[in-house]
There are 2 protein chains.
Amino acid sequence: MVAPRVYEAMAKPVVGHLDPFFFEINQEIRTGLQQVFGTANPFTMAISATGSGGMEASITNFVEPGSKLLVFAGGFFADRMVEMGKRQEAEVVRVDKPWGQTVTDAEATEAILREKPHVVAFVHGETSTGVSTPGHAICKAAKEVDALTIADCVTSLGTMPINLDATGIDIAYSCTQKGMSCPPGLSPITCSPRALERLMARKSAQRTWYFDLKMLADYYEGSRRYHHTAPISMFYALREGIALIMEEGVEARFARHKTNAAALTAGFEAMGLEMLVPAADRMWALHTPKVPAGVNDLDVRKKLMDNHSIEIQGGFGQLAGQVFRIGLMGEGSQAANVDLLLGALREAI
Amino acid sequence: MVAPRVYEAMAKPVVGHLDPFFFEINQEIRTGLQQVFGTANPFTMAISATGSGGMEASITNFVEPGSKLLVFAGGFFADRMVEMGKRQEAEVVRVDKPWGQTVTDAEATEAILREKPHVVAFVHGETSTGVSTPGHAICKAAKEVDALTIADCVTSLGTMPINLDATGIDIAYSCTQKGMSCPPGLSPITCSPRALERLMARKSAQRTWYFDLKMLADYYEGSRRYHHTAPISMFYALREGIALIMEEGVEARFARHKTNAAALTAGFEAMGLEMLVPAADRMWALHTPKVPAGVNDLDVRKKLMDNHSIEIQGGFGQLAGQVFRIGLMGEGSQAANVDLLLGALREAI
């Protein structure tokens, strides 16, 4: 769900990509993103591509050919990180959990100390399963072996605390169409000073030009040297989405998501649905009750759409037919929507 | 300049990236782009990045490590192609002309037959100089040595005929914010069946995932298999921009640009300004009269902005301080704008 104010902002007349007004907007976006990520990183910006572009920028800039990348996997987007790491000709080691679970602190620490990777990647909010991995143990162990950490925050940004600096995450990226309540089109990204040092010292050739973060830093924060023509209308949208978050308050926004997530989960359990993800590992934005035995998930989803115009997703990959995936995020995370969904789902099942 | 209808379209509610409606819109865009490019290529689509993303997609997919890329250079964007080719670890050979000139047919043919490159790249409309290179001789010679051709059509698409198939161009890309009169945000791209065959047979590893055209073909035209979340609002905008072109008629649109370009050029010459580019090599969308001796281009540009709110660009690189760069494209290519600009420029000089 996109707020009307965001649509209105997007329809404002464009200005040039080197116009001072663009850099003012960009500055507001950067300051806002710092708050939502929970970071003081000066290198915080929005990349001119969708969320997967943020993933590609993170992997291509920090995972060098021949280096070792350790990925904590347990869902579709972790698999994508593995794929991108392989494309960089890195040695990719994966630690797998069944979809719906996440690595324990002990497992994470053991794997990192054993493998001594150059970079560790994990998914902070796994859209395919509803699992959240805050990453404290991962980041602590990674620092011990001097590895950088990359966190996929596509579904968690703006819907739950990331506390980037306190957690010790070096690189994180997201999208605009989930917790930021904008249309898709940009990828917020942030890098720690430690990550930037590593980037500036990188010796191996960088094949990407579009996602070259050194050049992007020069455009957005350094000399404002022309790199590419930024999609200005999407920047208008993101600025407005961030303004809405600031008006609500970042903490209040997180609390709203938490409250509505709790109400929704309680409702699922009250109607006898079992949750895929253990309580401690659940995201606040995306929920995965199991499909009850004898129920066809496609039938249920069709009834929800036909009778209530409510769109929910099914499971896929390891979870095909086994779970519903129900988003409740950004503008959409409202008590009224919780009631609506629970009533409709009870009827449909 | 963006038409009000395009802004309105962009503010329409988003749908999911796997929604049938998205693929309907996408189909309209593809059909429209085919007409504007002048091609029957089934592989014609818009990439979720700005124009430079289209350049990166073209180079990374078709210029393999260790292969030979020949670039006809004579401006800023040709230099960018050289840079991207080097990043792919290709052997890059460049044939340079001074900025403002283009390669002759004989020079192009000689260089291609001598170098026998795997890929030949040229800029169909060079935004930094105002030069157009239609590419007939380049494509003919390239076919003789079995090389693919890549054409940068960032400023020419929608402003003058490209006649892609008749010319024999294999791969071409553009942007949305120039001749298509939309905000920036997507990169139209088209590939010939011959180019696609080469791509499908490619043996060397592809580092990019975001710009992997094999995967994008699967998403947009094949199985509709989820790749990334397309920036749907930009697709709405491009569909509307294309609808405006179809209503005017592609040929009528090109004729309008040609007529207004001729009037503008005649006006420059009437006030004693010399054109940088020989008449036969001029684009219809961007014009580069020389700055007269004793005139400071910054002063002139400031007067135009302060007194008439008209923004024109200066030269850069080899042409810094030597030319004005005056865009007259898309919605902006109007007789009234020609008169306005000529009057204001006469006063300012």
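### Some words on the sheet that holds strand S7 (residues 148-152) of chain A
Residues and elements named next belong to chain A.
Piece 1. Taken together, seven strands build an open sheet; the order of strands is S1-S9-S8-S7-S4-S2-S3 and the sheet is mixed. The outermost strands of the open sheet, each flanked by one partner alone, are strand S1 (44-47) and strand S3 (91-96). Across the sheet, the mean angle from the axis of one strand to that of its neighbour is 20 degrees, orientation sign disregarded.
Piece 2. The pairing of S1 with strand S9 (residues 187-191) spans four bridges and is classified as antiparallel. The partner of threonine 44 across the bridge, within S9, is threonine 190.

### Let's talk about helix H2 (residues 20-37) of chain B
Piece 1. Under the 1.5 Å per step criterion, the end-to-end length of H2(B) is 25 Å for 18 residues, consistent within 8% with the ideal 26 Å.
Piece 2. Immediately beyond the C-terminal end of H2(B), within one or two residues, lies B:Gly38, with a positive phi of roughly 75 degrees.

### As for the packing of helix H3 (residues 51-62) of chain A against helix H4 (residues 76-87) of chain A
Residues and elements named next belong to chain A.
Piece 1. Relative to each other, H3 and H4 sit at 45 degrees, their axes nearing to 10 Å. Here H3 is positioned oblique relative to H4, judged by the angle of their axes. Crossing of H3 over H4 shows right-handed handedness. Two secondary-structure elements touch here, H3 through Met55, Glu56 and Ile59 and H4 through Arg80, Met81, Met84 and Gly85.
Piece 2. A class-by-class count of the residues in the contact of H3 with H4 yields four nonpolar, one polar and two charged.

### Observations concerning the environment of B:Val82
Residues and elements named next belong to chain B.
Piece 1. You can see valine 82 is positioned in helix H4 (residues 76-87).
Piece 2. Spatially, the C-alpha atoms of valine 82 and glutamate 240 are 34 Å apart, while their sequence positions differ by 158 residues.
Piece 3. Leaving out residues up to four positions away in the same chain, valine 82 has contacts with Val71, Ala73, Val92 and Arg94.

### Re the nonpolar core
Piece 1. Membership of the largest hydrophobic core comes to 161 residues, with the highest contact counts inside it found for A:Val71, A:Leu238, B:Val71 and B:Leu238.
Piece 2. Excluding its chain neighbours within four sequence positions, the residues that come into contact with A:Leu238 are A:Ile29, A:Ala46, A:Thr176, A:Met180, A:Cys182 and A:Leu186.

### Quick word on the domain arrangement of chain A
All names here are of chain A.
Piece 1. When the domains of chain A are assigned, the result is domain 1 (4-247) and domain 2 (250-348).
Piece 2. Each of domain 1 and domain 2 has a C-alpha centre, and the two are 27 Å apart.
Piece 3. Each partner contributes residues to the interface: domain 1 has 25 residues there, and domain 2 has 22 residues.
Piece 4. Of the residues belonging to the side of domain 1 that touches domain 2, the class tally is nine nonpolar, 15 polar and one charged.

### Regarding the sheet that holds strand S12 (residues 324-327) of chain A
Piece 1. Overall, antiparallel pairing links the three strands, which are arranged S10-S12-S11 (chain A) in an open sheet. Sheet topology places strand S10 (286-287) and strand S11 (313-314) of chain A at the edges, where each strand pairs with a single neighbour.

### As for the relation of the copies chain B and chain A
Piece 1. Mapping chain B onto chain A is achieved by rotating through 180 degrees and translating by 0.0 Å along the same axis, at an RMSD of 0.0 Å. Both copies of the chain, as the preceding transformation shows, are related through a two-fold rotation axis.
Piece 2. Same-surface contact between copies: 100% of interface residues of chain B are shared with the interface of chain A.

### Observations concerning the environment of A:Ile150
Residues and elements named next belong to chain A.
Piece 1. Following the sequence through the fold, isoleucine 150 ends up in strand S7.
Piece 2. Here isoleucine 150 falls in the buried class, since 29 other C-beta atoms lie within 10 Å of it.
Piece 3. For the pair isoleucine 150 and cysteine 191, spaced 41 residues apart in the sequence, the C-alpha separation amounts to 9.1 Å.
Piece 4. Not counting residues within four places of it along the chain, the set of residues in contact with isoleucine 150 comprises Ser58, Phe62, Val119, Ala121, Asp170 and Ile171.

### Topic: the interface of chain B and chain A
Size of an interface, as often reported, equals the accessible area lost when the parts are brought together.
Piece 1. Taken residue by residue, the interface counts 36 residues in chain B and 36 residues in chain A.
Piece 2. Those elements that place two or more of their residues in the side of chain B that touches chain A are helix H1 (4-10), helix H3 (51-62), H4 and helix H10 (232-248) of chain B.
Piece 3. Grouping the constituent residues of the side of chain B that touches chain A by class yields 17 nonpolar, 13 polar and six charged.

### What about the pairing of S12(A)?
Residue and element names in this part refer to chain A.
Piece 1. Of the two faces of S12, the one lined by Phe324 and Ile326 and the one lined by Arg325 and Gly327 are each fully buried.
Piece 2. The pairing of S10 with S12 spans two bridges and is antiparallel. In the strand pairing of S12, leucine 286 is matched with glycine 327.
Piece 3. Pairing between S11 and S12: two bridges, direction antiparallel. Each bridged residue has a counterpart across the sheet, and for glycine 314 the counterpart in S12 is phenylalanine 324.

### Concerning the packing of helix H5 (residues 105-115) of chain A against helix H6 (residues 136-144) of chain A
All names here are of chain A.
Piece 1. Axis separation between H5 and H6 bottoms out at 9 Å; the angle between their running directions is 20 degrees. Considering their axes alone, H5 and H6 lie roughly parallel with respect to each other. For H5 against H6, the interelement crossing comes out right-handed. On the side of H5, the interface is formed by Asp105, Ala108, Thr109, Ile112 and Leu113, while H6 contributes Ala137, Ile138, Ala141, Ala142 and Glu144.

### Let's talk about unusual backbone geometry
Piece 1. A positive phi angle is found at A:Ser181, which is not glycine, with a value near 55 degrees.
Piece 2. Locating A:Ser181 in the fold gives a position in the loop between strand S8 (171-173) and S9.
Piece 3. Taking the number of C-beta atoms within 10 Å as the measure of exposure, A:Ser181 has 26 and is therefore buried.
Piece 4. Within the chain, B:Lys116 stands out as a residue other than glycine whose phi angle is a positive 45 degrees.
Piece 5. By secondary structure assignment, the location of B:Lys116 is in the loop between helix H5 (105-115) and strand S4 (119-123).

Definitions and cut-offs
Residues numbered from 1 in each chain as written. Chains lettered and ligands numbered in written order. Predicted model: local features only at pLDDT ≥ 70, side-chain atom pairs only at ≥ 80, totals over all residues. Pairing = 2+ DSSP bridges. Helix = DSSP H or I, 4+ residues; strand = E, 2+ residues; numbered from the N terminus. Axes fitted to C-alpha atoms, helices over the stretch in contact; angles between N-to-C directions. Expected span 1.5 Å × (residues − 1). Parallel < 35°, antiparallel > 145°, perpendicular 65-115°, else oblique. Left-handed = near helix turned anticlockwise from the far one by under 90°. Contact = placed C-beta atoms within 7 Å. Nonpolar A, V, L, I, M, F, W, Y, C, P; charged D, E, K, R; others polar. Core = buried A, V, L, I, M, F, W, Y, C linked by C-beta atoms within 7 Å. Buried ≥ 20, exposed ≤ 12 C-beta atoms within 10 Å, placed from the backbone. Domains from an automatic or database assignment. Least-squares fit on C-alpha atoms with pLDDT ≥ 70 in both.

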